[in-house]
Amino acid sequence: MRCFLEVHVDDVLLSRDPFRWPEVARLLDRVATTAENEGGVLSFRVRAWFAEGDVYAFLRHLQRRGHEVGAHAHGRDLRRAVVALRRAGIEPSVMAPGLVQVGNRGRLKLLRAAQSLGANVITDRLESRHFTYQGWLAWNPLPGLRMLDISVSPFEWGVLHRRDGKVVPAWGRLDWNTLDRCAAQAASWPEPPGRTAFFGATFHEHDLCPEGSLEAPPLDGMARWCARWRPVRSAECG
């Protein structure tokens, strides 16, 4: 079973203060290095703010190191992200366009928009099931478009928490042991003949840090997960 580990560069802090771009870049470099040291690579999904601030060819450098760089949006700002990535020297073909944000009614419209912008692989999460083996086998929501649903709910391993009736980010409380168990369970299922199973999980750059900070504590949990599962670029899965 192939695995991918996806980092959504969500720009929660950067959108409020563009001068924090170097802090975000240092954090992403540290995350990338952690995966590389354990024999893995990451699948970065980048929103517009970070791409627009990349005057240093940082994203191209990540690509040269073997990581995957694709576009990310929250439903309405996908074109802006793609345009910004192209200006930064990246031609994104893998995208996480924000299916959760648009819901079932907007799903096909957003997928068509992503495909028109150059996507041939979508990594995202549909809260309602449209395919029996979502998150384990790839499928085609549109002709020529491959869908790799994220395999595990963000609530299951701490990417999101419910607190006082609100949904809040992890702020440094990702549960890598739970993610390890989820991957092991998926790996225990027999693959159907002629098909390649996968496991994919997503977190955000700010999930590694205390609230308001871009300084992460030691990334030991992530390192252990990458050492065991050796994540590859998502386009190589399924």
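See the structure printed just above.
Residues numbered from 1 in each chain as written. Predicted model: local features only at pLDDT ≥ 70, side-chain atom pairs only at ≥ 80, totals over all residues. Heavy atoms only, no water.

Caption draft 1: Here's a closer look at the environment of Ala 138. Note on placement: Ala 138 falls in the loop between strand 5 (121-124) and strand 6 (139-142). The spacing of Ala 138 and Thr 123 is 15 residues in sequence and 9.9 Å in space, taken between C-alpha atoms. In contact with Ala 138, not counting residues within four places along its chain, are Phe 131, Arg 146, Met 147, Leu 148, Arg 195, Phe 198 and Gly 238. (Helix = DSSP H or I, 4+ residues; strand = E, 2+ residues; numbered from the N terminus. Contact = heavy atoms within 4.5 Å.)

Caption draft 2: The environment of Glu 52, seen in detail. Mapped onto the fold, Glu 52 is located in helix 2 (residues 48-52). Sequence separation of Glu 52 and Arg 87 is 35 residues, and the distance between their C-alpha atoms is 7.9 Å. In this structure Glu 52 touches Arg 80 and Ala 84, once residues within four positions along its chain are discounted.

Caption draft 3: Representation of the pattern of salt bridges within the structure. Per the counting criterion, the structure on display carries 10 salt bridges. With a shortest N-O distance of 2.8 Å, Arg 45 and Glu 68 are connected by a salt bridge. Highlighted residues: Arg 45 in strand 2 (residues 43-46) and Glu 68 in strand 3 (residues 68-72), separated in sequence by 23 residues. Arg 86 serves as the salt-bridge partner of Glu 91, at 2.9 Å between the closest nitrogen and oxygen. Members of the salt-bridge network, linked through shared partners, are Glu 6, Arg 45 and Glu 68. (Salt bridge = Lys/Arg side-chain N within 4 Å of Asp/Glu carboxyl O.)

Caption draft 4: Structural detail: the packing of helix 6 (residues 176-187) against helix 7 (residues 220-229). As a packed pair, helix 6 and helix 7 sit with axes 9 Å apart at the nearest point and diverge in direction by 15°. Between helix 6 and helix 7, the crossing angle belongs to the class labelled roughly parallel. In terms of crossing hand, the pair formed by helix 6 and helix 7 is right-handed. Residues Trp 176, Leu 179, Asp 180, Ala 183, Ala 184 and Ala 187 of helix 6 lie in contact with helix 7, whose contacting residues are Gly 221, Met 222, Trp 225, Arg 228 and Trp 229. A per-class count over the contact of helix 6 with helix 7 returns eight nonpolar, one polar and two charged. (Axes fitted to C-alpha atoms, helices over the stretch in contact; angles between N-to-C directions. Parallel < 35°, antiparallel > 145°, perpendicular 65-115°, else oblique. Left-handed = near helix turned anticlockwise from the far one by under 90°. Nonpolar A, V, L, I, M, F, W, Y, C, P; charged D, E, K, R; others polar.)

Caption draft 5: Summary view of the sheet that holds strand 4 (residues 94-96). Taken in spatial order, the eight strands line up as 6-7-5-4-3-2-1-10 in an open sheet, and their pairing is mixed. Only two strands of the sheet have a single neighbouring strand rather than two, namely strand 6 and strand 10 (198-204). Neighbour-to-neighbour, the strand axes of the sheet open up by a mean angle of 35°, direction not taken into account. Alignment of strand 2 against strand 3, held across four bridges, turns out to be parallel. Residue Phe 44 lies in a different strand from strand 3, and its bridge partner there is Val 69. The strands touched by helix 4 (residues 78-87) within the sheet are strand 2, strand 3 and strand 4, with strand 3 carrying the most contacts at an inclination of about 145°. The strands touched by helix 7 are strand 1 (2-9) and strand 10; relative to strand 1, the strand with the most contacts, the crossing angle is about 145°. (Pairing = 2+ DSSP bridges.)

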